[in-house]
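Next come the chains, spelled out residue by residue.
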Amino acid sequence: MRPHDREAIPDAAARTAVRLSGLADGTVVCGAVDESELERVEEEFLCASGERWGGAWRGVPVAALLDRSDVDVDPEATHVRVAADGYAVCVPVRTALDAVLAVERAGEPLPPARRPRFVASVDAGRTVRGVRELEFLRLGPDEDPQEHEELGY
Ligand SMILES: Nc1nc2c(c(=O)[nH]1)N[C@H]1C(S)=C(S)[C@@H](COP(=O)(O)O)O[C@H]1N2
Ligand SMILES: [Mo]
């Protein structure tokens, strides 16, 4: 990317940049994707409180982001730590590859602080709002993914 192109990225898109780290390299900007790349997903979540909630989101499939030529992921990675500011979950790579980083809910753009949101088949608390980083990890069979999490509960 030439320097003036980088400056042309609008602020809203810059705030949706997601850094890749660990056994992966690159930065992906969810706001800068083509409309046609957005996938619609409907999910329902069961909260620990017993409450059910859900919705229809549109977002960038994680698998599509990782397919980009400027992104490199080590095939040895077993888990992905999906992190926001002060909040993080750790899921198997397979779960992450089936997830989307949602930028819209019910046809409305998500507010910048809550965007993108990790929408996957996980429990409610693991639908991370305001994702900032995907850290690719290789965990051994005796390692507990929960030790890499920072949940508010
Ligand atoms: N970044 C971040 N994501 C988060 C949380 C949080 O505290 N921080 N709470 C989780 C929990 S416990 C639930 S139930 C849902 C609530 O989603 P909502 O705020 O859209 O209702 O977000 C999840 N994602
Ligand atoms: Mo929750």
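See above for the structure.
Definitions and limits used
- Residues numbered from 1 in each chain as written.
- Chains lettered and ligands numbered in written order.
- Predicted model: local features only at pLDDT ≥ 70, side-chain atom pairs only at ≥ 80, totals over all residues.
- Heavy atoms only, no water.
- Buried < 20%, exposed > 50% of the residue type's maximum accessible area, 1.4 Å probe, protein only.
- Helix = DSSP H or I, 4+ residues; strand = E, 2+ residues; numbered from the N terminus.
- Pairing = 2+ DSSP bridges.
- Polar contact = N/O pair within 3.5 Å; in protein donor to acceptor, adjacent residues only side chain to side chain.
- Contact = heavy atoms within 4.5 Å.
- Phe/Tyr/Trp six-rings, centres within 6.5 Å; stacked < 30°, edge-to-face > 60°.
- Salt bridge = Lys/Arg side-chain N within 4 Å of Asp/Glu carboxyl O.

## Overview of the pairing of strand β8 (residues 100-105)
Each regular strand shows side chains that alternate between the opposite faces of the sheet. Where burial is concerned, most of β8 is hidden: 5 out of the 6 residues are buried. Where strand β4 (residues 52-61) meets β8, 5 bridges bridge the pair, whose relative direction is antiparallel. Counterpart to Val-60 in the pairing with β8 is Leu-101. Across 3 bridges, the pairing between β8 and strand β10 (residues 117-119) is antiparallel. Note on β10: the bridge partner recorded for Ala-102 is Arg-117.

## Some thoughts on the side chain of Glu-149
Along the chain, Glu-149 falls in the segment after β11 (133-137). The exposure class assigned to Glu-149 is buried, which follows from its relative accessible area of 13%. A distance of 2.8 Å separates a polar side-chain atom of Glu-149 from the backbone nitrogen of Cys-90. Polar side-chain contacts of Glu-149 include one of 2.7 Å to the side chain of Arg-126. Once residues within four sequence positions are removed from consideration, Glu-149 is found in contact with Ala-88, Val-89, Cys-90 and Arg-126.

## Brief notes about the environment of Ala-84
Tracing the sequence through the fold places Ala-84 in strand β6 (residues 79-84). A residue is classified by how much of its surface remains accessible, and Ala-84, at 16% relative accessible area, is buried. Expressed as a C-alpha distance, the spacing of Ala-84 and Gly-130, which sit 46 residues apart in the sequence, is 5.5 Å. Once residues lying within four places of it in the same chain are set aside, the contact partners of Ala-84 are Val-128, Arg-129, Gly-130 and Arg-132.

## Notes on the packing of aromatic side chains
Counting across every chain of the model gives 2 aromatic pairs. For the ring pair Phe-45 and Trp-57, a centre distance of 6.1 Å and an interplane angle of 70 degrees mean the geometry is edge-to-face. A residue pair is termed long-range when its members are at least 10 positions apart, and Phe-45 in strand β3 (residues 39-46) and Trp-57 in strand β4 qualify at 12 residues. Across this residue pair, the class does not change: Phe-45 and Trp-57 are buried. Counting every residue linked through ring pairs, the aromatic cluster contains Phe-45, Trp-53 and Trp-57.

## Some remarks on the pattern of salt bridges
Proximity of charged atoms lets side chains of opposite charge pair with each other. By the definition in use, this model includes 10 salt bridges. Its salt-bridge partner being Glu-37, residue Arg-68 comes within 3.7 Å of it at the nearest N-O pair. Within this pair, whereas Arg-68 is found in the loop between α3 (62-66) and β5 (72-73), its partner Glu-37 is found in the loop between β2 (24-29) and β3, the two being separated by 31 residues in sequence. For Arg-68, a relative accessible area of 25% puts it in the partly exposed group. A salt bridge links Arg-58 to Glu-104, with the nearest nitrogen and oxygen atoms 3.1 Å apart. Here Glu-104 lies in strand β8 and Arg-58 lies in strand β4, a separation of 46 residues in the sequence. What makes Arg-58 partly exposed here is its relative accessible area of 23%. Salt bridges here are not isolated pairs; linked through shared partners, they connect Arg-81, Glu-135 and Glu-150.

Functional significance is not addressed by these values, which are geometric in nature.
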